[in-house]
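Spelled out, the chains give:
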Amino acid sequence: MNNSIIQDKAFSSKFQNIDLGLHGVRLPEFNIDKSYKRHLNLSEDVSNYDFLRGLALNGFKNLNINKDNKDYKKYIDRAKHELDTLKELGFIDYILLVWDVINYCKENSIPVGLGRGSAAGSLILYLIGVTRIDPVKYDLYFERFISKIRAKKQVIDGITYLDGSLMCDVDLDICYYNRHRVLEYLETKFKGKTSKILTLNTLSGKLLIKECGKIVAEKSEEEMTNISSLIPKIFGQVKDITTAYEEIEKFKEWCDENNEAYQIALKLRDLIKNKGVHASGVLLSYDDLEKICPTEFSSDKEAVSSFDMNWVSLFNIKLDILGLRSVSVVDDVCKNINIKVEDIDLSHESIYRNLQELKSPHGLFQIEADTNFRVCQKVKPKNLEELSGVLALARPGALQFVDKYAKYTNYGEHEVIHPFFDDILKHTGGVALYQEQLMQMAHKIGFTLDEAEILRRIVGKKKTEEIKAWQKKIQDKVKENKLPKEVGEILWKIMEDSANYSFNKSHSLAYAALAAVTIYLKFNYPQQFFLSLLKMSRNEPDPIGEISKIQKEMHNFSIQLLPPHIIKSEMDFSIEGSDIRFGLLSIKGISDKSIEKLNSFRNKYSNKFEIFQAAEEADLNIGVLSALIQAGALSGFNQSRSKIVLEAQLWNVLNSKEKKYAISFADKFDYDLIKIIKHLNKFTDEKNHVIIKDTRLNTIKNRYEPYLQIYNQNSKSEGFANWYYEKRLLGYTYNKSLKDIFSAKRENLLYTIDLAEEPVNSKIAFVGQIDEIFSGVSKNEKKTRYTRLKVSDETSSITVLLFNDNIENNKLLNNSKNFEEGNIVIVKGLKKEDCVFGDLVAIQDHQIYMKLNDLKKIDKNT
């Protein structure tokens, strides 16, 4: 026997076997307040099952379905079936735990979503108010949420343990602003038994190819950008580098020539890159968490499990509590217009009328994403089911069926796969779009819905051994029920083919309902809707970029975003007539901590010196004051904003005595602080002392000199400086457009929004700012090199494509400068259907500087 094996055995024999006692998930204990039981006319010692049953009965009464209704028995039988299943599987307490969270939200005016995930297929969750989508009305299945066959439990020493890998899972959408209150509630209720959940992020192949190429093979950034762009993206998912190696000849050639870099990338692939915190997951334990799971502190000093989600969910409850911005926006709009969300008719004609030629998608839940928006424009949904179809289609794999589905929604055409299944598939144009349809098909040939869900999962997860057994089961079931043989073959083929694209209808429909609500509010109450979106913008990853997108769409509704004003503006965005006034706290560089100081500072000022003095008295720092000036919130003075900022910086350098004398000479020198300081160097006080000595003047000059450099640079083009300040600090511009500023340099410039009206192949010119840059190689045989730019102005944005020779020509034109995000460019080219083929893309050299760090750029450019 090998010596190392002997040593290993000797070493391991020193350890004892430890029974951790982790038999599965034990639900945390909690008490239901007796008042809730009394409210339902239940005794205080009633079981949790009977309490849940009482909640469901109370919810059923609110449906107002009487015994004469044809659907009465369907609801009653379904509710009984679900309750029995929940009891049998040991899920009663879990359902009540979720209800308790939602109930807390309702009692504390915390808005919640309409439902999410497979939980929307449960009638019991609908009846107790956890979800707000009727699963019976929309043919959603409880078995998609909980499968009696799949779920498992075991009782050990009288304690019930659930199989964590097979647990039902209810995900909750909570108001973004109030999610922390829900987490605090859980932390208080289950003290010492909650934490956030660890995530492990891995190294992707595409990233590794790029970095290994640069570091190991010592290739340039540009070359590796081009090589990594060869790795294709199919339906939004980047292919694995081994697949790219097998399929993309040019990528294979590079990897063979740089084998060491490729092999290192393969070895590093999927290794853990860094740790993170799950965006919405919360862990709940029966025992004190520290006894059964190691924990650590996150960067914000909150407890996080040291096991990732897959491990901790084996022996703990995981609640997914997502702070959803759209839930907050919808609630805010509804409060402002004095309606309730539940009163909005999801079949209202205005919802679907506005989807027929949709051009303003921003703020529409799910629809605003580029892919979803394009799918929506093709499908033109006319009801909630078709809107659900849009969300199901706008995903990897399913995108290939958009045209097929759109033929059905637009013209009523659908492909008949087989007459036996036509009643199931015709409503989605012959596409097995939903997992629930696969279950229906299996159910129709004779399987129970539980069995149908198991079959769907096995085929979806490609469990080879089990697949063989189920193929035989399908054949036997078809034979047993005397069905044509091809019915089983067709079912199996659809099951296999749709595994990569079929979607959960419960989730799709629930999210379509929330999307419908946002559509209704936006097009019926646009001013209030945009106001709520603007208020939410401060919580977005890119607040300034978000404001820019919102403001561009406001034009379509004849609503102006009025500029910030020290008197007229409130701290947040506010209604002003038929328009919206910019909020002071959304000016970049002004934080929530400034509220009290800003309130002290807000006043009417007759001159600059009053502004400077008031800012000092309010303890408003020079950065905030400069931002207010540059954004135009202190407009009304003759000098340019750049000059006023320069003087504010100079004022900040002076001592109190110098400021006092500056004020006394203000009228004489027309409030020009620079002239006053030079004069004070020659003027004596009552004791015949020079107010500012030469040595002191030199100190002031030295501290003031960098700001003077910035002013000299910015004053070369005051109009462009103001445009730049507004764009950087507010996200939009209100004074002058780029077209206004650059029309003197080139005539016939267009706004990007007007390009849509120009004929295809017409020559056009416009000016804009580069938002995104991508360099790649086309997938055709020629492997054409291209650069794709997203260029925007104040009205809209458009894609500009440069190919081969034009890329080199533009490098010469721009003195070999590479394009960078933020560059202002004048574009000349040919207008195509949805883009511009660029002939000339000239970078404009105008540079504006706002802080001392920018001086490095001045040095670099001189």
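Residues numbered from 1 in each chain as written. Predicted model: local features only at pLDDT ≥ 70, side-chain atom pairs only at ≥ 80, totals over all residues. Heavy atoms only, no water.

**Q** It is not clear to me how the pairing of strand 4 (residues 194-202) should be interpreted in this structure. Could you clarify?
**A** Look at any regular strand and the pattern is simple: side chains alternate between the two faces of the sheet. Inspection of the sheet shows strand 4 paired to strand 7 (residues 272-284) by eight bridges, in the antiparallel sense. Bridging from a neighbouring strand, Ser195 pairs with Leu283 of strand 7. Strand direction decides the pairing type here: strand 4 and strand 9 (residues 303-308), joined by two bridges, are parallel. Residue pairing in the sheet places Leu198 in a bridge with Asp308 of strand 9. (Pairing = 2+ DSSP bridges. Helix = DSSP H or I, 4+ residues; strand = E, 2+ residues; numbered from the N terminus.)

**Q** Hey, could you run me through the sheet that holds strand 15 (residues 785-792) in this one?
**A** The strands making up a sheet are joined through hydrogen bonds of the backbone, oriented either antiparallel or parallel. With mixed pairing, five strands are arranged side by side around a closed barrel as 14-15-16-18-17. With strand direction ignored, the average angle separating the axes of adjacent strands in the sheet is 55°. Here strand 14 (residues 763-777) runs beside strand 15; their pairing, made up of eight bridges, is antiparallel. Looking at strand 15, one finds that Ile770 is bridged to Val791. Sheet strands in contact with helix 10 (residues 221-228) are strand 14 and strand 15, and its direction is about 80° off that of strand 14. (Axes fitted to C-alpha atoms, helices over the stretch in contact; angles between N-to-C directions. Contact = heavy atoms within 4.5 Å.)

**Q** Can you help me understand the sheet that holds strand 11 (residues 561-562) in this one?
**A** What the three strands build is an open sheet, ordered 11-13-12; its pairing is mixed. The two strands at the open ends of the sheet, each matched to only one other strand, are strand 11 and strand 12 (574-576). Two strands pair when backbone bridges link them, and strand 11 and strand 13 (residues 579-581) are joined in this way by two bridges, in the parallel orientation. Across the sheet, Leu561 pairs through a bridge with Ile580, a residue of strand 13.

**Q** What's the story with helix 13 (residues 259-268) in this structure? I'm lost.
**A** For an α-helix, 3.6 residues make a turn, and residues three or four places apart therefore share a direction. Residues Ala261, Tyr262, Ala265 and Leu266 constitute the buried set of helix 13. Buried residues of helix 13 fall within an arc of 135° about the axis and therefore sit on the same side. Residues of helix 13 that are exposed and point over 90 degrees away from its buried face: Glu260 and Lys267. On the buried face of helix 13, the contacting elements are helix 9 (205-215), helix 11 (241-247) and helix 12 (249-257). Within two residues after helix 13, Asp270 carries a phi angle of roughly 70°, on the positive side. (Buried < 20%, exposed > 50% of the residue type's maximum accessible area, 1.4 Å probe, protein only. Arc of directions from axis to C-beta.)

**Q** Can you walk me through unusual backbone geometry in this structure?
**A** One non-glycine residue, Lys482, lies in positive phi territory at about 55°. You can see Lys482 is positioned in the loop between helix 24 (464-480) and helix 25 (485-498). On the basis of relative accessibility, which here comes to 75%, the residue Lys482 falls in the exposed class. Despite not being glycine, Tyr671 has its phi angle at roughly 55°, a positive value. Tracing the chain through its elements places Tyr671 in the loop between helix 33 (656-664) and helix 34 (673-680).

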